[in-house]
Amino acid sequence: MTSEPIYAEELAWTEPRREELICGKVVMMVPPATNHGVIAGNVHALFHSYLRGKSCTVFPDDVPLFLSDMDYYRPDLMVVCDREKIKADGVHGAPDLVVEILSPSTGRYDRGRKKQIYQASGVPEYWIISPEAQSIEVYRLKDGVYELDNCYSVYPDYLLRLMPEEEREAIPAAFCCHLFDDLVIRLDDVFENLF
């Protein structure tokens, strides 16, 4: 007796569905690509290790974040220092740091509505990570408005070879998280083991 093969498309229907509420509209979340998952794991490991024994908590993307009646999200990572905001069903209120990793299906929300709601809710620090560009945009809330603090990038070898030495030396390989000024984020650690 031979059985028919089961294809990934058929299995997808049996997996739990994940969704977000964006501007009152339910948006289904597509399972992340491999590099998205690798980066999420790398960033979570950095914060998890740093926060061990401290009062703040890091949450991966399975934890819902409730910010308004029209919006609840599942950020790729968030750090919450006010434990009163942590409930059994998720986080209620602005985290201290939110990280979103771009994907083709969610990038417009991460740069659009979500960014607006994070800003309006008072999230002090917001990172947008691009797996394709291997970059991290760091936004900080100043007077109620997000300002781009910096954009950190890993440059491909062919570009580095074209740059003058002083320009190559000026490219930062790491930065400090503003929430924790003694937490150094190395770009090589964030983008380690990509495919």
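So, here's what we can say about the structure.

Rules used in this analysis
- Residues numbered from 1 in each chain as written.
- Predicted model: local features only at pLDDT ≥ 70, side-chain atom pairs only at ≥ 80, totals over all residues.
- Heavy atoms only, no water.
- Helix = DSSP H or I, 4+ residues; strand = E, 2+ residues; numbered from the N terminus.
- Contact = heavy atoms within 4.5 Å.
- Salt bridge = Lys/Arg side-chain N within 4 Å of Asp/Glu carboxyl O.
- Buried < 20%, exposed > 50% of the residue type's maximum accessible area, 1.4 Å probe, protein only.
- Disulfide = S-S within 2.5 Å.
- Pairing = 2+ DSSP bridges.
- Axes fitted to C-alpha atoms, helices over the stretch in contact; angles between N-to-C directions.
- Polar contact = N/O pair within 3.5 Å; in protein donor to acceptor, adjacent residues only side chain to side chain.
- Phe/Tyr/Trp six-rings, centres within 6.5 Å; stacked < 30°, edge-to-face > 60°.

## Considerations on the environment of Pro60
Then, in step 1: Relative to the helices and strands, Pro60 resides in strand S3 (residues 57-60).
Then, in step 2: Between the alpha carbons of Pro60 and His48 there is a distance of 10.0 Å; along the sequence they are twelve residues apart.
Then, in step 3: Among residues more than four places away in sequence, those in contact with Pro60 are His44, Pro75 and Asp76.

## A short note on the pattern of salt bridges
Then, in step 1: Under the defined criterion, the tally for this structure stands at seven salt bridges.
Then, in step 2: For the salt bridge of Lys114 with Asp110, the shortest nitrogen-to-oxygen distance reads 3.3 Å. Grouping residues by exposure puts Lys114 and Asp110 together as buried.
Then, in step 3: Several salt bridges converge on common partners, so that one network encompasses Glu100, Asp110 and Lys114.

## Regarding the side chain of Asp61
Then, in step 1: Looking at where Asp61 falls in the secondary structure, it is placed in the loop between S3 and strand S4 (65-68).
Then, in step 2: Setting aside anything within four residues of it in sequence, one finds Asp61 in contact with Arg18, Arg74, Pro75 and Asp76.

## A word on the state of the cysteines
Then, in step 1: In total, this model carries one disulfide according to the counting rule given.
Then, in step 2: Across the disulfide from Cys56 sits Cys81; the S-S distance is 2.0 Å. Note on the Cys56 and Cys81 pair: the S-S dihedral is about 105°, so by sign convention the disulfide is right-handed. Taken together, the residues span a long stretch of sequence, with Cys56 in the loop between helix H2 (34-51) and S3 and Cys81 in the loop between strand S6 (77-80) and strand S7 (86-87) at a distance of 25 residues.
Then, in step 3: Under the relative-accessibility criterion, Cys56 is labelled buried at 10%.
Then, in step 4: In this model Cys176 remains outside any disulfide bridge; the closest cysteine sulfur is found in Cys177, 8.6 Å from its own.

## Regarding the pairing of strand S10 (residues 125-130)
Within a regular beta strand, the side chains point alternately toward one face of the sheet and then the other, so they alternate between its two faces.
Then, in step 1: Here S10 lies mainly inside the structure; six of its six residues are buried.
Then, in step 2: What you see with S10 is no split at all: Glu125, Trp127 and Ile129 on one side and Tyr126, Ile128 and Ser130 on the other are buried throughout.
Then, in step 3: Examined bridge by bridge, strand S9 (residues 97-101) and S10 share five bridges and lie parallel to one another. Residue Leu97 lies in a different strand from S10, and its bridge partner there is Glu125.

## Things to note about the sheet that holds S6
Then, in step 1: Read from one edge of the open sheet, six strands run S3-S6-S9-S10-S11-S12, paired in mixed fashion. With partners counted over all chains shown, the strands left at the sheet margins are S3 and strand S12 (145-153), one partner each. Strand-to-strand twist in this sheet, taken as the mean axis angle between neighbours without regard to direction, amounts to 15°.
Then, in step 2: For strand S11 (residues 135-142) and S12, the ladder comprises eight bridges, and the chain directions are antiparallel. Looking across to S12, one finds that Tyr139 is bridged to Leu148.
Then, in step 3: Of the strands in this sheet, S3, S6, S9 and S10 touch H2, which is tilted by about 165° from S3.
Then, in step 4: Helix H4 (residues 113-121) contacts S9, S10, S11 and S12 of the sheet and is inclined by roughly 120° relative to S12.

## Comments concerning the environment of Tyr126
Then, in step 1: Inspection of the secondary structure puts Tyr126 in strand S10.
Then, in step 2: The exposure class of Tyr126 is buried, given its relative accessible area of 0%.
Then, in step 3: Not counting residues within four places of it along the chain, the set of residues in contact with Tyr126 comprises Leu97, Val98, Glu100, Asp110, Lys115, Tyr118, Glu137, Val138, Tyr139 and Tyr146.
Then, in step 4: Polar side-chain contacts of Tyr126 include one of 2.6 Å to the backbone oxygen of Asp110.

## Describing the packing of aromatic side chains
Aromatic ring pairs are reported here in terms of the distance separating the ring centres and the angle at which the planes meet.
Then, in step 1: For the coordinates displayed, the defined rule picks out ten aromatic pairs.
Then, in step 2: Their ring planes at 35° and their centres at 5.4 Å tell us that Phe66 and Tyr72 sit as a pair that is tilted.
Then, in step 3: Both rings, one in Tyr152 and one in Phe175, keep their centres 4.2 Å apart while their planes meet at 10°; by these two values the pair is stacked. Highlighted residues: Tyr152 in strand S12 and Phe175 in strand S13 (residues 174-176), separated in sequence by 23 residues.
Then, in step 4: A relative accessible area of 9% means that Tyr152 is categorised as buried.

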